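Listed below, chain by chain, are the residues.
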Amino acid sequence: MTFDTKSSTSPIITARETSSDKNSGSNSNPKVDAKIAYIDNVPHEIRDGETILQLVRRIHGAELVPTLCDAPNLEPFGSCRICSVDVALTENGSAKSMASCHTPVMPGSYIYPSSDRIQKLRKNIIELVLTDHPLDCLTCEVNNNCELQEVAAKVGVRKVRYPEGKNHLDREKDLSHPYMTSDMSKCINCFRCVRACEEVQGQFVLSMAGRGFDSHIVKGSEVNFFESDCVSCGACAQACPTSAISDVFESKSIVGTEKTRTICTYCGVGCNLDVATVNGKVKSIQAPYDAKVNEGHTCLKGRYAFGFYNHPDRLRTPLIRKNGELTPATWDEAYDFIADKLNAIKTDFGPDYIAGISSARCTNEENYLMQKFIRATIGTNNIDSCARVCHSPTALGMQRTFGTGAATNSVVDLKFTNLIMVIGANPTDGHPVTGAKLKQFAMKNTAIVIDPRRTEMAKYAKYHLQLRPGTNVALLNMMLYYIISEGLEDKSFIANRTEGYDDFKTKILALDIAEAEKITGVDCLLVRAAAMAYASAPNAMSFHGLGVTEHSLGTFTVMQIADLAMITGNIGRRGVGVNPLRGQNNVQGAADMGCQPHQGAGYFDVTVPEYHQKYEAFYGAKLPNYVGYKIPQMYDAALAGKLKALWLMGEDVVQTDPNTHHVKAALGKLDLLIVQEIFMTETALMADVVLPAASFLEKSGTFTNGERRIQKVQQVVEPLEGTKSDGQIMVDIMNRMGYEQTDYNAETLLEEIAQIVPFFEGVKWKELGDNGKQWPVAKDGTDTEILHITEFKRGKGKFISAEWRETSEIIKNGAEFPYIITTNRELEHYNNGTMTRRTGNVKIVTEDLLLIHPIDAERHEIKSGDMVCVISARGKVDVKAKISDEVKPGIFSSTFHFPEIAMNNITSSECDTDAMCPEYKVVACTIRKSKGKFKELV
Ligand code: SF4
């Protein structure tokens, strides 16, 4: 074999040249036409777009060609040259060394991945790298899991031939951040961290500064991690092949670790986590690269905020209230107490005086058991879940329009869409891994953001429709109006796939645009431009969040989003659809499992005789055939003396439900309040019985993410002593009350669920694999990525128009309380912070803040950092001000993660008219500077 090392005169042609030759028909080599390349003179078929590295790895596995700057979730880069291979045009002919990771395979080429020359080249590269790398392997945190160490061993480096010279070994460590660490003396300038920050997270915090020997990685403008704009996602730490960038958990260290794959407990993205344990304790979390949902990425909550699981505050024994005090009890005492009380209430008042609220934080199997307990053991349909207070309008609105209340598509469809519309969602904070993908999309493509606040997404969007809170319906009507009046509707889709269009069109065209412009506060020309962009895009996807649902017209807004998709034919294929961003990890699952008072497991209407009989036969119990209480109705019933007992599984309703005074008054009227919890919450403090539950790391089951993906939650550690999984608690109490159940077991429960929930028919624990399955899952196990491809679940999609009307909150209180406060989330915290405030996240975001526009701040003489009292018709809260033009004048926005603020003291009991989801997003209020003890905090 001979080699040609003069690249400028190399006869090797590039992939682009190959392609143009092929197009011009000039390439008559039959081997080229057959798309064959040779590895060590053995022919192999090439796949479209394949690089040399991909081809070699496909044929020979990952070991033959080592890499350093390459990573599974990053674009090929070609900087370290370790992956170099020799490539020739003829068998054993003149060859050129090429970085295989970013070089497309040329048809007909001859690839020699480990020629003598290549082996020498690789060894020399590593030797040069090691001249500027500390040789302290034995004490390094990544010893035995260091890619540099591994590659050095693989290429056979035993000593470095080069003399010691100038180096960077004296660089200082950066330990400023609660999670992220860096030791740049170990940096090998591979750019993996820079690319991870850019390509995976889209944050652009890390970059390379200096030239030549002075090249070095910087954070922001040469600040430390804590001062930079780092969002602590850990993508750089996972990408770094050494320990130059790492984290306080030393996530890449493998000493004594076992790994278990499970699912994140926080948001509805449903990221897969590889949890490393040492001696039965969680050590660190990494993101698996082969996870379809998160592809080697997480946010800081999934990766780093796990420390709550064995926090000293965890509840470890049942508690029963005696003489006004919660006192420790055994499980048997607690179960006996509960069973006696519930049986007495059933006998004295009837089963409808008992209710349960299930949890979107718990597994499908636990939610299924909770509703089964309430229905079959107690005998009432008074079962609801926290989906009520977030996405119940999504379920109802999409059921009415499409027949199924779930996302039509998957996030991977971002690769196939031309435009995204994000409405009432702040995904970079609320759904961070999906948010990072949406942000990356918005940076390069067309995005419409409909939100009262200039969110991070809005900053990158081509169209930001910054409407007044509570006017979604008016704004979407404007968009529909322009699409119809400009003739941009998809007439064929409307004719073939929908019904009710003529009436709908008449109503939309009657819209008074000038009036709608006044109501929303958004320039009609901007709305028109956005509507035309949406309607003209070959494929458009919408994503919506709680800024849509938590309104008095939430269900109607969801139906309008569905109308927009149908009127433009954006349904039933890749890159389109209506995609709710689920807040909690298992909101979808809680509803699927029947934790709602009108529909049982699988969404069958409990009032329809056929379904009622089906449930009775399946559970072997007498069930009511009328609808039970929704959560707000439970509080009203308690206050009216019509509800005596309430069982809460993992819900801190005092903190999270609106109008705290109302909730507390209702709970105070109960004879029996039972709370299953991992921590002593404000609600648990009011309970008669508190049952210590296990966290997600201590149990198995399934979560269903926002894409309908049923994924395996696998037990990582034993439950803390004294605690039990929520599922086992349900089983125990059912047995205690005479309804026999076998012990909690995810596999057997899934078998039961598959018999009653049609879209779970083919779901089997053992067949879920690492990436789960998207429902509906057919009997043969086939799952479904895209819904409504040829027809809607209800047959034809139904156009339903909606008229905007002012919320009663503004009508009743707007004159006295002329401002509107809406709520928003911070990336670092989750809901009321029960878990995240017991992790290092609390060192990053330490308090709630109220955003006030500079004009309003000046009017009230408020400066950033002042404590401000926000007053509504229900009460008042004191919160620190931050002057910001992210909100418009007249609008405030506040986070609500710290219970000290008690934001729900001021929210109202107004609800979505149809789904009864509370209207958290529109609260009439006024402000003044704080007085008394809060003033002193200034
Ligand atoms: Fe967990 Fe959501 Fe973050 Fe993923 S994006 S790691 S599911 S909180």
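Here the structure is shown first, and the text comes after it.
Bear in mind the structure is a predicted one, so any value in this text is a computation, not a measurement.

Each value, and the rule that gives it
- Residues numbered from 1 in each chain as written.
- Predicted model: local features only at pLDDT ≥ 70, side-chain atom pairs only at ≥ 80, totals over all residues.
- Heavy atoms only, no water.
- Phe/Tyr/Trp six-rings, centres within 6.5 Å; stacked < 30°, edge-to-face > 60°.
- Lys NZ or Arg CZ within 6 Å of the ring centre and 35° of its normal.
- Pairing = 2+ DSSP bridges.
- Helix = DSSP H or I, 4+ residues; strand = E, 2+ residues; numbered from the N terminus.
- Axes fitted to C-alpha atoms, helices over the stretch in contact; angles between N-to-C directions.
- Contact = heavy atoms within 4.5 Å.
- Near = heavy atom within 4 Å.
- Nonpolar A, V, L, I, M, F, W, Y, C, P; charged D, E, K, R; others polar.
- Core = buried A, V, L, I, M, F, W, Y, C linked by side-chain atoms within 4.5 Å.
- Buried < 20%, exposed > 50% of the residue type's maximum accessible area, 1.4 Å probe, protein only.
- Arc of directions from axis to C-beta.
- Salt bridge = Lys/Arg side-chain N within 4 Å of Asp/Glu carboxyl O.

*Asks:* Can you explain the packing of aromatic side chains? Please cite residues and give values.
*Replies:* Using the criterion set out here, one finds 27 aromatic pairs in the structure. One aromatic cluster is present, built from ring pairs that chain together Tyr368, Phe604, Tyr611, Tyr615, Phe618 and Tyr619. Above the ring of Phe225, the side-chain terminus of Lys219 is found at 4.6 Å from the ring centroid. Taking the ring centre of Trp331 as reference, the NZ or CZ of Lys724 above it sits at 4.9 Å.

*Asks:* Give me the sheet that holds strand S24 (residues 645–649): which residues, what numbers.
*Replies:* Backbone hydrogen bonds are what pair the strands of a sheet, in a parallel or an antiparallel way. Taken in spatial order, the 7 strands of this open sheet run S15-S14-S26-S25-S24-S16-S17, and their pairing is mixed. Pairing within the sheet leaves two strands with one partner each, and these edge strands are strand S15 (325–328) and strand S17 (383–385). The sheet shows a mean angle of 20° between the axes of neighbouring strands, taken without regard to direction. For strand S14 (residues 319–322) and S15, the ladder comprises 4 bridges, and the chain directions are antiparallel. The partner of Lys322 across the bridge, within S15, is Glu325. Helix H9 (residues 331–348) rests against S14, strand S16 (354–358), S24, strand S25 (672–677) and strand S26 (689–692) of the sheet, and its axis sits at about 135° to S26. Its contacts with the sheet put helix H24 (residues 631–639) on S16, S17 and S24, and the angle it makes with S16 is roughly 145°.

*Asks:* Explain the site of the ligand residue by residue, including any values.
*Replies:* Residues in contact with the ligand, as listed here, are Cys264, Tyr266, Cys267, Val269, Gly270, Cys271, Thr298, Cys299, Lys301, Gly302, Pro432 and Val433. Within the residue set of the shell around the ligand, elements represented by two or more residues are helix H8 (300–304) and helix H13 (432–444). A class-by-class count of the residues in the shell around the ligand yields 8 nonpolar, 3 polar and 1 charged.

*Asks:* Let's hear about the nonpolar core: which residues, and what values?
*Replies:* In terms of nonpolar packing, the biggest core is built from 60 residues, with Leu342, Phe373, Trp647, Leu691 and Phe760 touching the most fellow members. Secondary-structure elements contributing two or more residues to this core are H9, helix H10 (364–378), helix H23 (609–619), S24, S25, S26, helix H27 (726–736) and helix H28 (746–756). Excluding its chain neighbours within four sequence positions, the residues that come into contact with Phe760 are Asn364, Asp592, Met593, Thr704, Ile710, Leu750, Ile753, Ala754, Trp775 and Val777. Ranked by size, the runner-up nonpolar core spans 56 residues in total, among them Cys193, Leu300, Phe679 and Tyr830.

*Asks:* How would you summarise the pairing of strand S19 (residues 446–450) if you had to cite specific residues and measurements?
*Replies:* Here S19 lies mainly inside the structure; 4 of its 5 residues are buried. Sheet topology note: the strand S18 (residues 419–423)/S19 ladder contains 5 bridges and is parallel. Residue Ile423 lies in a different strand from S19, and its bridge partner there is Ile450. When S19 meets strand S20 (residues 463–465), the two strands line up parallel, connected through 3 bridges.

*Asks:* Got a sec to walk through helix H3 (residues 52–60)? Specific residues and values, please.
*Replies:* Each α-helix winds once per 3.6 residues, and so residues spaced three or four apart point in a common direction. What H3 keeps buried is the set Ile52, Leu53, Leu55 and Val56. Along the axis of H3, the buried residues cluster in a sector spanning 165°; they form a single face. Tucked inside the fold, the buried residues of H3 contact strand S1 (36–39), strand S2 (42–45), strand S3 (84–88) and strand S5 (110–112). At the C-terminal side of H3, Gly61 shows a positive phi close to 85°.

*Asks:* Can you explain the pairing of S26? Please cite residues and give values.
*Replies:* The alternating pattern of S26 places Val689 and Leu691 on one face and Val690 and Pro692 on the opposite face, and all of these are buried. When S14 meets S26, the two strands line up antiparallel, connected through 2 bridges. Opposite Leu319, over in S26, you have Val690 as the bridge partner. Strand direction decides the pairing type here: S25 and S26, joined by 4 bridges, are parallel. Bridge pairing links Glu677 to Pro692 in S26.

*Asks:* Now, about the pattern of salt bridges: what can you tell me, with residues and values included?
*Replies:* Opposite charge on two side chains allows them to pair when their charged atoms are near. Within this structure, the stated rule accounts for 45 salt bridges. A salt bridge links Asp770 to Arg261, with the nearest nitrogen and oxygen atoms 3.6 Å apart. Here Arg261 lies in strand S11 (residues 258–263) and Asp770 lies in the loop between H28 and strand S29 (773–774), a separation of 509 residues in the sequence. A salt bridge links Asp866 to Lys929, with the shortest nitrogen-to-oxygen separation between them at 3.7 Å. With a gap of 63 residues between them, Asp866 in the loop between helix H31 (854–859) and strand S33 (867–871) and Lys929 in strand S36 (residues 923–929) connect regions that are remote in the sequence.

Shape is all these values report; function is a separate question.
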